[in-house]
Structure formats: structure tokens, C-alpha cells
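So the chains spell out like this:
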Amino acid sequence: MEEQKEPAVKTGLVLEGGGMRGIYTAGVLDVFMEQNITFDGVVGVSAGAIHGCSYVAGQRGRSIRYYRKYCRDKRFMSFANVFRHGELVDTQFCYHEIPEKLDPYDYEAFNRSETAFYAGCSNLETGRCECIRITDMKEQVDVLRASASLPFVSHTVRYDGKRLLDGGCTDSIPIRELLKMGYTRNVAVLTRHEGYVKKPERSPLAFLRYGRYPRFVAAMNHRYKTYNQTVKLIRKLEQEGRVFVICPSRELTISRTSSDPDELQEVYDLGRADAEKKLEDLKAFLGIAG
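Residues numbered from 1 in each chain as written. Predicted model: local features only at pLDDT ≥ 70, side-chain atom pairs only at ≥ 80, totals over all residues. Heavy atoms only, no water.

Caption draft 1: Just the overall build of the protein chain, in detail. Helices and strands together make up the secondary structure of the protein chain, namely 13 helices and 8 strands. Whereas a compact globule of 290 residues would reach a radius of gyration of roughly 19 Å, the protein chain reaches 18 Å, a difference of no more than 12%. Expressed along its principal axes, the backbone C-alpha trace of the protein chain runs to roughly 65 × 40 × 40 Å. Relative to its 290 residues, the protein chain shows a buried fraction of 54%. Taking the contacts inside the protein chain whose residues are at least 6 apart along the sequence as the reference set, 73% of them involve residues at least 24 apart. Just so you have it, the protein chain exposes about 14100 Å², and 47% of that area is on carbon and sulfur atoms. Averaged over its 43 positive side-chain charges, the protein chain has a centre that lies 6 Å from the centre of its 39 negative ones. (Helix = DSSP H or I, 4+ residues; strand = E, 2+ residues; numbered from the N terminus. Rg over C-alpha atoms; globule rule 2.2 N^0.38 Å. Buried < 20%, exposed > 50% of the residue type's maximum accessible area, 1.4 Å probe, protein only. Contact = heavy atoms within 4.5 Å. Areas by Shrake-Rupley, 256 points an atom, 1.4 Å probe, with all protein chains shown as cover. Lys, Arg positive; Asp, Glu negative; His and termini not counted. Charge placed at Lys NZ, Arg CZ, Asp CG, Glu CD.)

As C-alpha cells, then:
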């Protein structure tokens, strides 16, 4: 009688967004790359997706390098872009000129990676977060763009017949999606310090701007509840030994749209420091020897 093998445990990584707070995640991910820590699947939301794709491509240091270099370039992020193009970021500059010419993204490395990569996007019609798998970054860059397209200051992104915006509007930390996909041993990188509780942020602007999508408006109005419930779930799973959490060891006061390279460096360095402090425990959690 043949001996039955136990099914392999699938490891997952979920990356919260948060605008420029996300550079904290870039610091964490660079430490992961230095330590050859990999996952079967990665889900990134907004800035988490932006930095997560460099991680999957194995490009250590890329995020902090080009953020420092271009953060003061108005094409990178500015309200001048909103007036000119209706977008906070210059789409051509950020999603084509930088990765294709100025600071080349390794599309081939991403495409051949064995790590499944998903970008969390908000579906305006359903009011739900969709984690869309990207297998070809150049061909599917609009999925990445949708994940980071902030409401009110971005155009809706159309992809595969869907109208999409920033995944954080509906689910900032889609740990439930990872669990549904069969990832049972997960790491969560958050950009809010432990104990953070999101407060209600109802705004009539949501209805005025997106009134045609009542489910999306409802999701935005209840976003604080969804967020707090998700963090509560993550902490419960952490206590059960099913999730390992890395989050800022102090409150991040950097604004979502900071253009200060030194401030970005400070937050990045904190991400590195926090990850390094947790390395041994993380390796034990993932079953990595040494």
C-alpha cells in the first residue's frame, strides 16, 4: 500500500496599501529578498501591489530608488496632474516611461516567477474587492494601475469588462481572499501600527461622484468597519499561529502624498528594521531552516 503524502502547505503574502506609507512595505520586502524568503502567492493592494510586483520580479532596492528620485517630479504625483489629466499621477510617466525606460522593470523575471501575483481592485458595480491575477505585467499593467487608482482623483480603469478603482476602497487587506484560494500559512505586512483603529469617514462626495454605483458607495461608507473587522480577524489568526504579522513599530505620520525623499527613506528604513527584528520568528513560522 502506497504511503499517502500530506498536501503541501501553500504560503501567502498580503500587502496593505496606504499611499506613501507603502514605502514601509518596500523596506520589508527588500529584507525578504536579501534572505531569499519567497511565497507561493502574493496579494497586493494599491501601494502594496506597486511594491509587491518589484518583489516578485526580484528587484531589490528598486522601489526606494525610483521613489526617492521621482517623488518631487510633478508627473509622479501631484494635484497639478489632476487639473491637467484628471489623475493624481501621470499614467504614461508612472506606468510606462519609468518601468520601460527610466528605471527598467524586469518584466521577464516577473513573468517566469513561480509566485502567483494578484492585485486587489475595487469593482464599482459589485462594490467588492477582486483579486485579479497578473501573469504578464506589461500586458496587464492596467490591473496594477486600477489597484492604485485613488477615488476622486483618478479615472475609472476598465479591464475585462469591469470598472475598477483602488482596492483599498473595499478591502485594504484581503486576507480572506488568500484563505479562499487555499493559502493556509500567511504573512501580512500592514502599514498601520498595532492598535490602530480606523474611524468613520462618511462623505457626501462618494454619492455625488459615484452615485451610479450604489454598492461601491455603500462599501466606501462602511470601509472603516470592514478594515477594523479584517484587522481583528488577522490578529485572531495570528494568535492561532496561522498568520504572521509585520507592522510599523511606531505610528507612521507620513502623508499619503509625501514628496519628501528623506521622509520616504526614514519610513523605508523602519520597514527594514522591523523586518530584521522579526526575521528569526518569521523563518520559524514559514519552516525555513537557519
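Right, picking up where we left off after that structure.
Caption draft 2: Structural context of the side chain of Arg235. Looking at the secondary structure, you find Arg235 in helix H11 (residues 223–239). Apart from residues lying up to four places away in sequence, Arg235 is in contact with Glu194, Val245 and Cys247.

Caption draft 3: Representation of the nonpolar core within the structure. One finds Leu13 and Phe32 to be the most contacted residues of the largest nonpolar core, which totals 62 residues. Take this core: its biggest share by element is 8 residues, from helix H1 (residues 23–34). For Phe32, the residues in contact, after removing those within four places along its chain, are Leu13, Ile37, Phe39, Tyr55, Ile246 and Leu282. (Core = buried A, V, L, I, M, F, W, Y, C linked by side-chain atoms within 4.5 Å.)

Caption draft 4: Just a nonpolar patch on the surface, in detail. Taken together, Phe152, Leu205, Phe207 and Leu208 make up a surface patch of nonpolar side chains, about 450 Å² in accessible area. Of the residues examined, Leu208 reaches a relative accessible area of 65% and is grouped as exposed. (Patch = residues over 30% accessible without salt bridge, like charges linked within 9 Å, V, L, I, M, F, W, Y side chains within 5 Å. Salt bridge = Lys/Arg side-chain N within 4 Å of Asp/Glu carboxyl O.)

Caption draft 5: Inspection of the environment of Gly167 at higher detail. One can find Gly167 in the loop between strand S6 (162–166) and helix H8 (175–180). Its relative accessible area of 0% is what places Gly167 among the buried residues. Once you skip the residues sitting within four places of it in the chain, Gly167 turns out to touch Val45, Gly120, Cys121, Ser122, Cys129, Ser147 and Ser172.

Caption draft 6: Helix H13 (residues 279–286), seen in detail. Where H13 is concerned, the buried positions are Leu279, Leu282, Lys283, Phe285 and Leu286. On an axial view of H13, the arc spanned by its buried residues comes to 160°, and they lie on one face. Opposite the packed face of H13, turned more than 90 degrees from it, sit the exposed residues Glu280, Asp281 and Ala284. Summarising the contacts, the buried residues of H13 are in contact with strand S1 (11–15), H1, strand S7 (185–189), strand S8 (243–246) and helix H12 (261–277). (Arc of directions from axis to C-beta.)

Caption draft 7: The arrangement of the pairing of strand S4 (residues 128–134) in detail. Taking burial as the measure, the 7 residues of S4 include 5 buried ones, the bulk of the element. Note: strand S3 (residues 116–123) against S4, 7 bridges, orientation antiparallel. Paired with Asn123 across the strands is Arg128, a residue of S4. Counting the residues in the hairpin turn of S3 and S4 gives 4 residues, including Gly127, whose phi is positive at 70°. (Pairing = 2+ DSSP bridges.)

Caption draft 8: Spotlight on the layout of surface pockets. The volume enclosed by the largest pocket comes to roughly 580 Å³. Lining the largest pocket are 28 residues, and of these Pro151, Glu201, Met220, Arg223 and Arg256 sit closest to its centre. Taken together, the elements giving at least two residues each to the lining of the largest pocket come down to helix H10 (214–221) and H11. In terms of residue class, the lining of the largest pocket is built from 11 nonpolar, 8 polar and 9 charged. If you add up the space inside the second largest pocket, you get close to 280 Å³. Lining the second largest pocket are Gly127, Arg128, Cys129, Thr170, Asp171, Arg176, Glu177, Lys180, Ala219, Thr226 and Gln229. Elements represented by at least two residues in the lining of the second largest pocket include exactly S4, H8 and H11. For the lining of the second largest pocket, the element with the highest residue contribution is H8, accounting for 3 residues. (1 Å grid on protein atoms, 1.4 Å probe; cavity = no way out; pocket = protein on both sides within 12 Å on 5 of 7 lines; lining within 4 Å. Points joined across faces, edges and corners; volume = space filled by probe spheres on them. Nonpolar A, V, L, I, M, F, W, Y, C, P; charged D, E, K, R; others polar.)

Caption draft 9: Looking closely at the pairing of S1. The buried fraction of S1 is high, at 5 of 5 residues. A two-sided burial pattern is seen for S1, the buried positions comprising Thr11, Leu13 and Leu15 on one face and Gly12 and Val14 on the other. Note: S1 against S7, 5 bridges, orientation parallel. In the strand pairing of S7, Leu13 is matched with Val187. Pairing between S1 and strand S2 (residues 41–45): 4 bridges, direction parallel. Note that in S2 the partner of Gly12 across the bridge is Gly41. Following the chain from S1 across H1 to the adjacent parallel S2, one finds a crossover that is right-handed. (Right-handed = clockwise from strand over helix to strand, strands pointing away.)

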